[in-house]
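Each chain is listed here by its residues.
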Amino acid sequence: RMPAPIRLRELIRTIRTARTQAEEREMIQKECAAIRSSFREEDNTYRCRNVAKLLYMHMLGYPAHFGQLECLKLIASQKFTDKRIGYLGAMLLLDERQDVHLLMTNCIKNDLNHSTQYVQGLALCTLGCMGSAEMCRDLAGEVEKLLKTSNSYLRKKAALCAVHVIRKVPELMEMFLPATKNLLSEKNHGVLHTSVVLITEMCERSPDMLTHFRKLVPQLVRILKNLIMSGYSPEHDVSGISDPFLQVRILRLLRILGKGDDDSSEAMNDILAQVATNTETSKNVGNAILYETVLTIMDIKSESGLRVLAINILGRFLLNNDKNIRYVALTSLLKTVQTDHNAVQRHRSTIVDCLKDLDVRAMELSFALVNGNNIRGMMKELLYFLDSCDPEFKADCASGVFLAAEKFAPSKRWHIDTIMRVLTTAGSYVRDDCVPNLIQLITNSSEMHAYTVQRLYKALLDDISQQPLVQVSSWCMGEYGDLLLSGQCEEEEPIQVSEDEVLDVLEGVLISNLSSPVTRGYALTAIMKLSTRFSSVNRIKRVVSIYGSSIDVELQQRAVEYNALFKKYDHMRAALLERMPVMEKTAANGPTEIVQTNGEAEPSVLDVKHVPSAPQPSVQANDLLDLLSGNDMVPVIPTTVPTKPASAGGELLDLLGDLSLTVSISQPPFLLDGISSQPLFNDAAAGIPPMTAYNKNGLKIDFTFERSNSNPNVAVITIHASNSTEADMTDFVFQAAVPKTFQLQLLSPSSNVVPALNKGTITQVVKVLNPQKQQLRMRIKLTYNHRGSSVQDLAEVNNFPTQSWQ
Amino acid sequence: MQFMLLFSRQGKLRLQKWYVPLSDKEKKKITRELVQTVLARKPKMCSFLEWRDLKIVYKRYASLYFCCAIEDQDNELITLEIIHRYVELLDKYFGSVCELDIIFNFEKAYFILDEFLLGGEAQETSKKNVLKAIEQADLLQEVRLGGGLFFLGFNSFH
């Protein structure tokens, strides 16, 4: 016969002497083999010992599934020791996915009816911990019986077991209802606690149950009151508080019962106030109760005084030395800051202090509390947070700073400075989608352009590793490089910089290993743009031609196109690379089409505002005749925004009548075809190519298109008027008329001067409603003063791309 | 509570109580990840952290970390009290409990836990009652049930 298997403690001792993992594994394997043989011998005496050893080895991470059936045998044994280990083994080794666990059901059923309460307890515990849905269904009746027993030891366990049954098989909830009738009349705290848990579970799962149990509110209030008022009870005392566990559970149940119900909320109002004011706050246990109380007050229909009391408790929590308390306070305040904003605002300085803990909750709260009055002070603290916080939170913080700055910036200068601060100190954490937003902001702060580009230039001199910073800087340098050279800067001492120095920096970005493909794209385009602002055109041509053979397909494509701009399309270059207009931000928040993952080049920048169409002759005789009739043209009155001359209806009638037509149908030139990038800003919408509507006597008018976000039948056209002559065109007025089936709305233009030599454009938004989806046609009338004389011209616009009206 | 883990500062598991059904593989993965996360925490950090969709409450007692995973609506501060109560129970039972006690008597640690919590909730809020139940149950280990030691001699005659 085999020697007796070694005892559990001896095995533990032995295994702990192993000096290496390999040694331990060897010992374990040896012992497992011995245990297996012992199991095979069906040895009842030592089964318990062997399973216990197996459980130890299982905890070390070794497989123990061959002991599962042995656990079942132990459970079936009559020895209490066997049952204890058997049930423990079942809870550790068996899980409900395996069929073998169902073999337990009968044993558990028997043990639930055992004459010894500790055996019943084992069964209840095991069922309540890991019982599967099938087991629960089979044994629910037994549990329900035990829920009604007068034995409090069993009753409390049955209550929690019932909770588990309900979680597994919600349909069985009803059967436990009768047994709950007098659960709360119990004196035994264990039963009270578990009963409250059970009732809570039922209320959470069923609105009917919730309504039913609302009548318990007075009783719950009474129990809670007794706990608070009663004298010292050694059995349940924790640091001077009587049964905090029960208090917390009752408060939680009250929360559920009081929510949305005026009467219940009123009934609990006093006790909540009492708990809130009388609970000892020096230790965690008291604060645990206060915390639960605050949660309840905020959730039910409490009177405002009580709510303020709750928020003040949270405010006091923020001053607590214990960071755990501060943590729950911040979490709770975050939940209430929207609904009780003013009350939370009163604690702003305390919250801001918590920023020093570098807690991200404090950051979120701070952002929620920022407003026009406190923005300067708050931003200082938030920027400190940004500098010091965990990298995990920097992106969110940066985005939050940008948002807050955009909403509440006290001045444009402050706004730009704040953006700069973030870009230079946390630049690599700034989200990619912030870059277009920032560019838009900068563009729209026209008076700050010189200052901005100067600061960004200086930032790049220091550091070109932070991609978002480099991208924004490159873009600005391309756009406002001329301002950099001009030495005009009102906000600070203007720097002296030469064209070559600027190009050096941009070329440096292009070459650097640190630059992502996207960033390189920005840099190349910026360099290209400078060809119309700088005189070092040859240098720029050289750079561009080099990249015509770049391995990076995106860069190569751009370079090739830009090369073409220098050669075949040089006459368009100036117009194409012009200053960006002020951009209108749409409801869709503009550039959400930009998706950048892992720095892969989703081409994000294409500053081509408009693409001129190559005029081609057309043979569309019928259309011409239709238009000539003029009868179907409807005059339009532009929307009046004071300062601009509004055209009265009378003048527009001039538009009706015969016109000489030059019809051009636009073929998208290769420039547009070749560009695979998605449009960046709102002035080039997804897919609708821009067009030239008019080009005569030095005046060129281009149309760019967008779809209205709110109405698919509305095309939003932005006209861009530019002037290549040497004299300005002043008092410029653009008017338009469309056929009867359309409706037209003209918004006010950006100015009424078209500066000479393409130094700027007038933009104006025209909205066309086209419910019948007819082919869009337009007659335009232009009036302006040029070189001392007044000019007027009429034209047909027929080369609308089909996407603009279909 | 969804689960409770006890582990040493070297990351060795000393007790694992699961109140939700998970495969062995999943349990191992969760344990590994959580142990790593908690051990990486600096002393001045608070006892709570958000992990997956759960709240983790942990506290170190000497060389052992007690780590509980609770749900969103559970009270973190009272969970700290639950952990503390469990430690007090162990302390009373073993007399100045240390990690070695839990290593060599892990099954007892489980038995005590199972008298204190059931299905992840406290079943008994009186320290005295929990200890009394354990005491009584321990006594039962000597006795044969159903027949009683008392009658054994008589039965074996036949």
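Residues numbered from 1 in each chain as written. Chains lettered and ligands numbered in written order. Predicted model: local features only at pLDDT ≥ 70, side-chain atom pairs only at ≥ 80, totals over all residues. Heavy atoms only, no water.

Draft legend 1. Representation of the overall build of chain A within the structure. When helices and strands are counted, chain A shows 34 helices and 11 strands. For chain A, restricting intrachain contacts to residue pairs at least 6 apart in sequence, the fraction spanning at least 24 positions comes to 69%. Accessible surface computed for chain A: about 33,900 Å², of which carbon and sulfur atoms make up 49%. (Helix = DSSP H or I, 4+ residues; strand = E, 2+ residues; numbered from the N terminus. Contact = heavy atoms within 4.5 Å. Areas by Shrake-Rupley, 256 points an atom, 1.4 Å probe, with all protein chains shown as cover.)

Draft legend 2. Structural view of the UniProt feature "domain: AP complex mu/sigma subunit" (unreviewed entry) in chain B. When the UniProt feature table is mapped onto this chain, "domain: AP complex mu/sigma subunit" (unreviewed entry) is found at residues 1-140 of chain B. As a span, residues 1-140 of chain B carries 47% helix and 25% strand, and end to end its C-alpha atoms are 30 Å apart. (UniProt positions renumbered as here; feature names shortened; annotations may be inferred.)

Draft legend 3. Geometry of the confidence of the model for chain B. All names here are of chain B. For chain B, per-residue confidence averages 89 on the pLDDT scale, and 89% of positions sit at 70 or higher. Within the model, the stretch residues 147-158 combines pLDDT values under 50 with 2 contacts to residues more than four positions away or in other chains. The ipTM for the predicted assembly is 0.92, set against a pTM of 0.70. (pLDDT = per-residue confidence, 0-100.)

Draft legend 4. Geometry of empty space enclosed by the protein. One pass over the structure, following the stated rule, counts 10 cavities of 30 Å³ or more. What the largest cavity holds in volume is close to 220 Å³. Along the walls of the largest cavity sit 16 residues, with Arg249(A), Ile78(B), Thr79(B), Ile82(B) and Glu121(B) positioned nearest its centre. Mapped by element, the contributors of at least two residues to the lining of the largest cavity are α13 (244-258) of chain A together with α2 (76-94) and β7 (121-122) of chain B. Tallied by class, residues from the lining of the largest cavity come to 7 nonpolar, 4 polar and 5 charged. (1 Å grid on protein atoms, 1.4 Å probe; cavity = no way out; pocket = protein on both sides within 12 Å on 5 of 7 lines; lining within 4 Å. Points joined across faces, edges and corners; volume = space filled by probe spheres on them. Nonpolar A, V, L, I, M, F, W, Y, C, P; charged D, E, K, R; others polar.)

Draft legend 5. Region of the structure containing the environment of Glu96(A). Here Glu96(A) shows up in the loop between α5 (80-93) and α6 (104-112). For Glu96(A), a relative accessible area of 26% corresponds to the partly exposed category. In sequence terms Glu96(A) and Met130(A) are 34 residues apart; their C-alpha atoms lie 7.2 Å from each other. When neighbours within four sequence positions are excluded, Glu96(A) is seen to be in contact with His101(A), Met130(A), Gly131(A), Ser132(A), Lys168(A) and Pro21(B). (Buried < 20%, exposed > 50% of the residue type's maximum accessible area, 1.4 Å probe, protein only.)

Draft legend 6. A look at helix α23 (residues 412-426) of chain A. Residue and element names in this part refer to chain A. For α23, which comprises 15 residues, the first-to-last C-alpha distance of 21 Å matches the rise-based estimate of 21 Å (1.5 Å per residue) to within 8%. Residues of α23 that are buried: Trp414, His415, Ile416, Thr418, Ile419, Met420, Val422, Leu423 and Ala426. Among the structural elements, α21 (375-388), α22 (391-408), α24 (434-444), α25 (449-462) and α26 (467-486) are those in contact with the buried residues of α23. (Expected span 1.5 Å × (residues − 1).)

Draft legend 7. Looking closely at the packing of helix α4 (residues 68-76) of chain A against α5(A). Residue and element names in this part refer to chain A. Running from N to C, α4 and α5 cross one another at 145 degrees; their axes reach a closest spacing of 7 Å. Where α4 crosses over α5, the handedness of that crossing is left-handed. Within the contact between the two elements, α4 uses Gln68, Cys71, Leu74, Ile75 and Ala76 and α5 uses Asp82, Lys83, Ile85, Gly86, Tyr87, Gly89, Ala90 and Leu93. A per-class count over the contact of α4 with α5 returns 8 nonpolar, 3 polar and 2 charged. (Axes fitted to C-alpha atoms, helices over the stretch in contact; angles between N-to-C directions. Left-handed = near helix turned anticlockwise from the far one by under 90°.)

Draft legend 8. The arrangement of the packing of α13(A) against helix α15 (residues 284-299) of chain A in detail. All names here are of chain A. At a closest axis distance of 9 Å, the pairing of α13 and α15 adopts a crossing angle of 5 degrees. By the angle between their directions, the pair α13 and α15 is classed as roughly parallel. Together, Pro244, Gln247, Val248, Leu251, Arg252, Leu254 and Arg255 of α13 and Val285, Ala288, Ile289, Glu292, Thr293, Leu295, Thr296 and Asp299 of α15 make up the contact between the two elements. Here the contact of α13 with α15 is built from residues that sort into 8 nonpolar, 3 polar and 4 charged. (Parallel < 35°, antiparallel > 145°, perpendicular 65-115°, else oblique.)

Draft legend 9. Representation of the interface of chain B and chain A in the model. Contacts between the two partners involve 64 residues from chain B, matched on the other side by 67 residues from chain A. For the pair chain B and chain A, the summed buried surface comes to about 5,800 Å²; carbon and sulfur atoms form 56% of the total. Taken together, the links from chain B to chain A amount to 9 salt bridges. The partner of Glu50(B) in a salt bridge is Arg361(A), and the shortest N-O contact between them spans 3.1 Å. At the boundary of chain B with chain A, the tally comes to 26 residue pairs in polar contact (both at pLDDT 80 or more). Elements supplying a minimum of two residues to the side of chain B that touches chain A: β2 (13-18), α1 (24-39), β3 (48-51), α2, α3 (99-104), α4 (106-116), β7 and α5 (127-140) of chain B. (Buried area = accessible area lost by both parts, 1.4 Å probe. Salt bridge = Lys/Arg side-chain N within 4 Å of Asp/Glu carboxyl O. Polar contact = N/O pair within 3.5 Å; in protein donor to acceptor, adjacent residues only side chain to side chain.)

Draft legend 10. Broad picture of the packing of aromatic side chains. Taken as a whole and judged by the stated rule, the model has 14 aromatic pairs over all chains. A centroid spacing of 4.6 Å and a plane angle of 35 degrees characterise the contact between Phe3(B) and Trp18(B), whose relative ring orientation is tilted. In this pair, Phe3(B) is assigned in strand β1 (residues 3-8) and Trp18(B) in strand β2, connecting sequence segments 15 residues apart. One exposure class covers both Phe3(B) and Trp18(B), and it is buried. The ring of Phe66(A) carries the charged tip of Arg36(A) above its face, separated from the ring centre by 4.0 Å. The ring of Trp475(A) carries the charged tip of Lys529(A) above its face, separated from the ring centre by 4.5 Å. (Phe/Tyr/Trp six-rings, centres within 6.5 Å; stacked < 30°, edge-to-face > 60°. Lys NZ or Arg CZ within 6 Å of the ring centre and 35° of its normal.)

Draft legend 11. Examining the pattern of salt bridges more closely. All names here are of chain A. Within the structure shown, the criterion is met by 54 salt bridges over all chains. The salt bridge partner of Arg533 is Asp482, with a shortest N-O separation of 4.0 Å. With Arg533 in the loop between α28 (517-529) and α29 (537-546) and Asp482 in helix α26, this residue pair connects regions lying 51 residues apart in the sequence. A relative accessible area of 25% means that Asp482 is categorised as partly exposed. Among the charged side chains, a salt-bridge network with shared partners connects Glu479, Asp482, Lys529, Arg533 and Arg579.

Draft legend 12. Representation of unusual backbone geometry within the structure. All names here are of chain A. In the Ramachandran plot, Glu42 falls in the positive-phi region, its phi being about 55 degrees despite a non-glycine side chain. Relative to the helices and strands, Glu42 resides in the loop between α2 (21-40) and α3 (44-59). Unusually for a residue other than glycine, Arg787 sits at a positive phi of about 50 degrees. Relative to the elements of secondary structure, Arg787 occurs in the loop between β10 (778-786) and β11 (789-797). We classify Arg787 as exposed; its relative accessible area is 56%.

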